[in-house]
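What follows is each chain in one-letter form.
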Amino acid sequence: MSRFISSATALVLLAAPAFAEGMTCNSPSQDQWISKEDLTSMYSGKGYDVKNIKIESGCYEIYALDTKGARVEIIVDPMTGEQAGSETEG
């Protein structure tokens, strides 16, 4: 049983980077984007403990802990702050 769990965990960890790489946002120049500070406030208000925000493929990526303490990566539209996708790590 533990071998199955280890294999399943490995597959999830290998799939996480592929999820983020396949995502792109079509947005104008960065001077028109929502600020990282506003984004932090927005997602903190939703219960996330925001640890880091970076830019990847024209999207914001928020690295945070959810309300259960699980690490999450949230892909965000940089113009609206709306969530475009996410990935949770146990």
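Bear in mind that the values here come from a model prediction, so they are computed numbers and not experimental data. (Residues numbered from 1 in each chain as written. Predicted model: local features only at pLDDT ≥ 70, side-chain atom pairs only at ≥ 80, totals over all residues. Heavy atoms only, no water.)

Caption draft 1: Representation of the overall build of the protein chain. If you tally the helices and strands in the protein chain, you get 2 helices and 4 strands. Overall, the protein chain shows an N-to-C arrangement of helices and strands of α-α-β-β-β-β. Buried residues in the protein chain amount to 28% of all 90 residues. Nonlocal contacts in the protein chain, meaning residues at least 24 apart in sequence, comprise 38% of its contacts between residues at least 6 apart. Within the structure as shown, the protein chain displays about 5800 Å² of accessible surface, and the carbon and sulfur contribution to it stands at 52%. (Helix = DSSP H or I, 4+ residues; strand = E, 2+ residues; numbered from the N terminus. Buried < 20%, exposed > 50% of the residue type's maximum accessible area, 1.4 Å probe, protein only. Contact = heavy atoms within 4.5 Å. Areas by Shrake-Rupley, 256 points an atom, 1.4 Å probe, with all protein chains shown as cover.)

Caption draft 2: Geometry of unusual backbone geometry. Phi is positive for serine 57, close to 55 degrees, though the residue is something other than glycine. Relative to the assigned elements, serine 57 resides in the loop between β1 (49-56) and β2 (59-65). What makes serine 57 partly exposed here is its relative accessible area of 33%.

Caption draft 3: Seen up close, the environment of threonine 88. Relative to the helices and strands, threonine 88 is located in strand β4 (residues 83-89). Its relative accessible area of 42% is what places threonine 88 among the partly exposed residues. Separated by 14 residues in the primary sequence, threonine 88 and isoleucine 74 place their C-alpha atoms 8.6 Å from one another. Once residues lying within four places of it in the same chain are set aside, the contact partners of threonine 88 are Ala70, Arg71 and Val72.

Caption draft 4: Focus on the pairing of β1. Bridge count between β1 and β2: 7 bridges; the pairing is antiparallel. Within β2, the residue paired with valine 50 across the bridge is alanine 64. With antiparallel pairing between neighbouring strands as the criterion, β1 and β2 make up a hairpin whose turn holds 2 residues, including serine 57 at a positive phi of roughly 55 degrees. (Pairing = 2+ DSSP bridges.)

Caption draft 5: Representation of the state of the cysteines within the structure. Here the structure, examined in full by the defined rule, presents 1 disulfide. The residue that forms a disulfide with cysteine 25 is cysteine 59, at a sulfur-sulfur distance of 2.0 Å. Between cysteine 25 and cysteine 59 the sulfur-sulfur dihedral comes to about 110 degrees; the bridge is accordingly right-handed. Placement of cysteine 25 in the loop between α1 (2-22) and α2 (36-44) and of cysteine 59 in strand β2 is noted, with a sequence separation of 34 residues between them. Judged by its relative accessible area of 14%, cysteine 25 is buried. Taking relative accessible area as the criterion, cysteine 59 reaches 1% and is therefore assigned buried. (Disulfide = S-S within 2.5 Å.)

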